[in-house]
Amino acid sequence: MIGEKTITDFIYREAELLDTMEWQTWLDLFHPEGRYWMPLEWQQQDPVLQPSLMYEDLLLLKVRVERLAGERTFSQKPKSRCHHLLQAPRIVTCDPAAGVFKARTAYIYTETRGDMLERYSGWASHELVQVGDALKIKLKRVDLVNFDAPFGNIQLFM
Amino acid sequence: MKRYGGNARAIAALVREAEVHRDVYVDPEIFELEMAHLFPNSWVYVGHASQLAKPGDFITANIGRQPVMASRHTDGSIHVFYNRCPHKGVKIASEPCGNTGKFFRCPYHAWSFKTDGSLLAIPLKKGYEGTGFGDTQANEGLSKVRNVVIYRDFIFARLSANGVSFEDYFGESLSTIDNMVDRSPEGKLAVQATPIRYMHTCNWKMLVENQTDTCHPMVAHESSAGTAVKVWKREQGDSTETPMAVQLYGPFMSPYEFYEQSGIRIWPNGHGHTGVANSIHSNYSDIPGYLDQMVAAYGEQRAHEILGEIRHNTVYFPNIMVKGAVQILRNFIPIAVDKTLVESWVYRLVGAPDKLYERALMYNRFINAPTSIVGHDDLEMYERAQEGLKSNGNQWVNLRRLYDGHEEQDVTAVINGTSERQMRNQFHAWAKFITMGMDKRIEAAE
Ligand code: FES
Ligand SMILES: [Fe+2]
C-alpha cells in the first residue's frame, strides 16, 4: 500500500541516484510517458506553447544520459557532478484509490565541473503513478526561483 | 597599456586578408573601442514592434553597453531613448518590458516625461526659474536616439549622428527578415514568449562567427545530435514517423558535402547567410493546414516561393542572427571582453497553426538554452578558445578556408558553403565600423 512515506522515500531515492550518477537507474524511475519539465515562466501552465528550458520525454532523457558518457562529449571533460539538498517533501495528494500521488519539494541544487561551482534554488513537483508495486514519475517539474536569469551550462538534472 | 585607442591604423592591422589577431577577442581595450565606436556606428537591433502593442508600452535594451529603451507614444509612433533620467542619470525603466501609462515618471525626484520622451513636468518647477535650465539638454527630456528605422516591425537604431544609412547598411540582406515575416499568412509576427537567456564566458564575436561555421556541427555536435540520431535508431522500433525532436537534431550531423553544396551568400557590411540552395531546416514535416493558409493568402506561386526559401543562419552585423525558417532571432549582447549574454527570441507567425510555434519554441530550447546539449557543445568550444587564445605561441586566428587570394570586399556573392568567407566578410566590416570617424572624433576631443 502506497502511503505518504513511500512518496517521500521515492523522492529522496531519486535525488540520491542523481547525486551518485546512477543515470540508468534514475531513468528507470520514469513512466514510459513520463516527462521532465523546467519552465521558463512564473507559474507556467503550458509546457509546449509557452517557452521552457526543458520539456523532455524519455527518449530525450536517454539521449542526455548517453551523451554524458560519450567519448566525444567535450563539455564533460572534466565531468560534472551534482548535489541535491532537499527540504522534506510536502505531500500534495496521496490517493491510492485514484492512483494519484503528488508532492512538492523545495531544494538547493549544486552543479560543479572542474573549478566551477554553481548553485540553484527552486521547487520540484513530482506527479507519480503506481505501476505494479512501484511508483513511477509521470511528471517531474523543476521551477527555479530565478528562472528568468541568464545561466551558464546546466548539464545535469535538478 | 593603451595601444589601440585613437590609432585606427593599429586596429586595422589586426585584420589581415584571411587571419585576425587574437587581440580582437581577448584585449579589453579593443572591447572598449568596440563599445565606443563599432556599436554606435552600426545599426543595432532594439526589439520588435509587437512588444509595444499599446500606447505606454515600453521595452529596454542595450546598444553595445549603453542602456536604451523604446516606447509606444499616445499617437502610435515608436520612440527610442537613452534609458537615463536627464536629472541625475537614474534609469527610467528597470524591467525588460511593461506599460507606463500616460507618462514616464522618474522614481528619484519625480520628473516626468511624455511617452515620446519630452519633458512633461518637474516638481517645484519654479526652483529652476532664472537658472538657465531652459538652455540645458535636460530641458529636452529623455535624450533621443535619432536614427531609428522600423523595418517590418523590427526596430533598429544607430547611435552615431553620422554614418551609413539603414538602406545602405543592410541592403539585400533584409530579404531574410522579409522571408520570416512573409511566412505568416497575415504577414505579421508577434513576440509572445520571454527570450531564453544564456550567459557565455567568451567574446561576443566567437558566437557571431559560429553562426556561419559549417565545418563544426558534425564534429562538435556529434555528442548531442549524433547521440540523438543513434538513440532514435535504436529505440524507434517499427514507428515510421520521426519525432519532431529527432527531425530538429538530426540534420546537424549532415556530412561536409551537404554543407558544401548548400552554399553561403555574403552581402556588403558584414552580413551573410548559410543555407542558400537548401539547409538543415529543409526536411521538417509539413504542418497540416499551413500550406493551404499560405496559398489562400499569397496565391499558389508566391506561397511556394516563400516556403521554398529555407535559409539557415543569417548574420546581421554586428550582433544578431535570424533564422527565418524557424522564426528565431539570437541577440549576442556584449557584456565584457570575455562575457556575452545571448538572448534567443521566438516570433509567432500570426495566423499560422500552433504546431509551427511549438516547433520554433522546441528548436529554441534544444539549441539555444543553458540546458541545451547542443549549446553545451558550442559553449565548451568558445570557452576553450577564450582560454587558448591567451597563448603567445601563435597570435593569429586562421580564417583561410576557400580563400582565393584576391577577394573583393563589400560585394554580394554566393560561394561554397564550407567557406570561411563570411567570417572574413565580418572582420572586414569590423575593421571598417570600429575605425569609422575615429580620427575625426579624437581631433574633436583634443
Ligand atoms: S534623477 Fe530622475 S528625477 Fe532626479
Ligand atoms: Fe554549433
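All values reported here derive from a predicted model rather than from experimental measurement.

1. Overview of the overall build of chain B
Stage number 1. What chain B contains, in helices and strands, is 16 helices and 22 strands.
Stage number 2. In summary, chain B has a C-alpha radius of gyration of 23 Å against a globular reference of 22 Å for 446 residues, a match within 12%.
Stage number 3. Classification of the 446 residues of chain B by burial places 58% in the buried group.

2. Some thoughts on unusual backbone geometry
Stage number 1. Following Lys77 of chain A, the chain continues into Pro78 of chain A via a peptide bond in cis, with omega recorded as 5°.
Stage number 2. The peptide bond linking Phe317 of chain B to Pro318 of chain B adopts the cis configuration, its omega dihedral lying at 5°.
Stage number 3. Mapped onto the elements, Pro318 of chain B comes out in the loop between strand S16 (314–316) and strand S17 (320–323).
Stage number 4. A positive phi angle, close to 80°, is found at Asp153 of chain B, a residue other than glycine.

3. Points about the nonpolar core
Side chains of nonpolar character tend, in soluble globular proteins, to be buried together.
Residues and elements named next belong to chain B.
Stage number 1. Among the nonpolar cores identified, the biggest contains 84 residues, and Phe154, Phe156, Tyr347 and Trp430 are the most heavily contacted of them.
Stage number 2. Sorting elements by how many residues they give to this core places helix H15 (residues 421–435) first, with seven residues.
Stage number 3. Two domains each provide a minimum of three residues to this core, namely domain 1 (45–151) and domain 2 (196–433).
Stage number 4. Not counting the four nearest positions on each side in its chain, Phe154 is found in contact with Tyr45, Gly47, His48, Val149, Ile177, Met180, Val181, Leu189, Leu329 and Tyr347.

4. Describing the coordination of the iron ion (ligand 2)
Around a metal, the idealised angle for a tetrahedral arrangement of four donor atoms is 109.5 degrees; for an octahedral arrangement of six donor atoms it is 90 or 180 degrees.
Residue and element names in this part refer to chain B.
Stage number 1. The protein atoms donating to the iron ion (ligand 2) are His216 (NE2), His221 (NE2), Asp378 (OD) and Asp378 (OD), with metal-donor distances spanning 2.1 to 2.4 Å.
Stage number 2. In this structure, the iron ion (ligand 2) is surrounded by four donor atoms whose angles at the metal cover 56 to 144°, and the resulting shape is irregular.
Stage number 3. Here the donor residues for the iron ion (ligand 2) map to a single chain with the spacing H-x4-H-x156-D. Of the two residues, His216 and His221, neither departs from the other in class, the shared state being buried.

5. Here we look at the packing of helix H3 (residues 58–68) of chain A against helix H14 (residues 373–388) of chain B
Stage number 1. Where H3 of chain A meets H14 of chain B, the closest approach of the two axes is 11 Å, and the angle between their N-to-C directions is 30°. Taken together, the axes of H3 of chain A and H14 of chain B are roughly parallel relative to one another. Facing Val63, Arg64 and Arg67 of chain A of H3 of chain A, the residues of H14 of chain B in contact are Ile373, His376 and Asp377 of chain B.
Stage number 2. Within the contact of H3 of chain A with H14 of chain B, the residues separate by chemical class into two nonpolar, one polar and three charged.

6. Topic: the interface of chain B and chain A
Stage number 1. Each partner contributes to the interface: chain B provides 40 residues, whereas chain A provides 34 residues.
Stage number 2. In total, about 3,100 Å² of surface goes out of reach between chain B and chain A, with carbon and sulfur atoms giving 60% of it.
Stage number 3. It is Arg365, Thr371 and His376 of chain B in chain B that bury the most area against chain A; as a group they hold 21% of the surface buried on that side.
Stage number 4. Linking chain B with chain A are six salt bridges.
Stage number 5. Our count for the contact surface shared by chain B and chain A stands at 14 residue pairs in polar contact (both at pLDDT 80 or more).
Stage number 6. Those elements giving two or more residues to the side of chain B that touches chain A turn out to be strand S13 (196–200), helix H8 (222–235), helix H9 (244–249), helix H13 (354–367) and H14 of chain B.

7. Thoughts on the sheet that holds strand S7 (residues 103–105) of chain B
Strand pairing within a sheet occurs via backbone hydrogen bonds; the two strands may be parallel or antiparallel.
Residue and element names in this part refer to chain B.
Stage number 1. The sheet built from three strands is open, its strands ordered S7-S8-S9 with antiparallel pairing. Each edge of the open sheet carries a strand with a single partner, namely S7 and strand S9 (119–121). Geometrically, the sheet is characterised by an average inter-axis angle of 35° between neighbouring strands, direction not taken into account.

8. Details of the sheet that holds strand S2 (residues 44–48) of chain B
All names here are of chain B.
Stage number 1. Ordered in space as S2-S11-S10, the three strands form an open sheet in which the pairing is antiparallel. With partners counted over all chains shown, the strands left at the sheet margins are S2 and strand S10 (147–151), one partner each. The sheet shows a mean angle of 25° between the axes of neighbouring strands, taken without regard to direction.
Stage number 2. Sitting on the sheet, helix H5 (residues 175–182) touches S10 and strand S11 (154–158), and the angle it makes with S11 is about 155°.

9. Overview of the side chain of Asp182 of chain B
All names here are of chain B.
Stage number 1. Considering the arrangement of structural elements, one finds Asp182 in helix H5.
Stage number 2. With a relative accessible area of 9%, Asp182 lands in the buried category.
Stage number 3. A polar contact of 3.0 Å, which involves the side chain of Asp182, links it to the side chain of Arg302.
Stage number 4. Other than its neighbours up to four places away in sequence, Asp182 contacts Arg152, Met294, Tyr298, Arg302 and Ile306.

10. Structural notes on the domain arrangement of chain B
All names here are of chain B.
Stage number 1. The domains assigned to chain B are domain 1 (45–151) and domain 2 (196–433).
Stage number 2. Relative to domain 2, the C-alpha centre of domain 1 lies at a distance of 35 Å.
Stage number 3. Facing the six residues of domain 1 at the interface are eight residues of domain 2.
Stage number 4. Summing both sides of the interface, domain 1 and domain 2 together bury roughly 520 Å²; the carbon and sulfur share of this comes to 63%.
Stage number 5. At the junction of domain 1 with domain 2, the criterion picks out zero salt bridges.
Stage number 6. Linking domain 1 with domain 2 are one residue pair in polar contact (both at pLDDT 80 or more).
Stage number 7. Among the residues making up the side of domain 1 that touches domain 2, the classes are represented as one nonpolar, four polar and one charged.

11. Regarding the environment of Gln130 of chain A
Residues and elements named next belong to chain A.
Stage number 1. Inspection of the secondary structure assignment puts Gln130 in strand S6 (residues 116–131).
Stage number 2. A relative accessible area of 38% places Gln130 in the partly exposed class.
Stage number 3. Considering only alpha carbons, one finds Gln130 and Phe74, 56 residues apart in sequence, at a separation of 38 Å.

12. Concerning the confidence of the model for chain B
Stage number 1. For chain B, per-residue confidence averages 96 on the pLDDT scale, and 98% of positions sit at 70 or higher.
Stage number 2. In the model output, the complex is listed with pTM 0.97 alongside ipTM 0.98.

13. Some remarks on the pairing of strand S18 (residues 328–336) of chain B
Residues and elements named next belong to chain B.
Stage number 1. By the criterion of burial, S18 is predominantly enclosed, with seven of the nine residues buried.
Stage number 2. Looking at chain direction, S17 and S18 are connected through four bridges and run antiparallel. Following the sheet pairing, Met321 is matched in S18 by Arg330.
Stage number 3. Both S18 and strand S19 (residues 339–346) contribute to a ladder of eight bridges, which runs antiparallel. Residue pairing for S19: Ile328 is matched across the bridge by Val346.
Stage number 4. Taken together, S18 and the strand that follows it, S19, pair antiparallel across an intervening segment of two residues.

Calculation criteria
- Residues numbered from 1 in each chain as written.
- Chains lettered and ligands numbered in written order.
- Predicted model: local features only at pLDDT ≥ 70, side-chain atom pairs only at ≥ 80, totals over all residues.
- Heavy atoms only, no water.
- Helix = DSSP H or I, 4+ residues; strand = E, 2+ residues; numbered from the N terminus.
- Rg over C-alpha atoms; globule rule 2.2 N^0.38 Å.
- Buried < 20%, exposed > 50% of the residue type's maximum accessible area, 1.4 Å probe, protein only.
- Core = buried A, V, L, I, M, F, W, Y, C linked by side-chain atoms within 4.5 Å.
- Domains from an automatic or database assignment.
- Contact = heavy atoms within 4.5 Å.
- Donors = N, O, S within 2.8 Å, 3.2 Å for Na, K, Ca; no water.
- Tetrahedral: all angles 85-135°; square planar, octahedral: opposite > 155°, others 65-115°.
- Axes fitted to C-alpha atoms, helices over the stretch in contact; angles between N-to-C directions.
- Parallel < 35°, antiparallel > 145°, perpendicular 65-115°, else oblique.
- Nonpolar A, V, L, I, M, F, W, Y, C, P; charged D, E, K, R; others polar.
- Buried area = accessible area lost by both parts, 1.4 Å probe.
- Salt bridge = Lys/Arg side-chain N within 4 Å of Asp/Glu carboxyl O.
- Polar contact = N/O pair within 3.5 Å; in protein donor to acceptor, adjacent residues only side chain to side chain.
- Pairing = 2+ DSSP bridges.
- pLDDT = per-residue confidence, 0-100.

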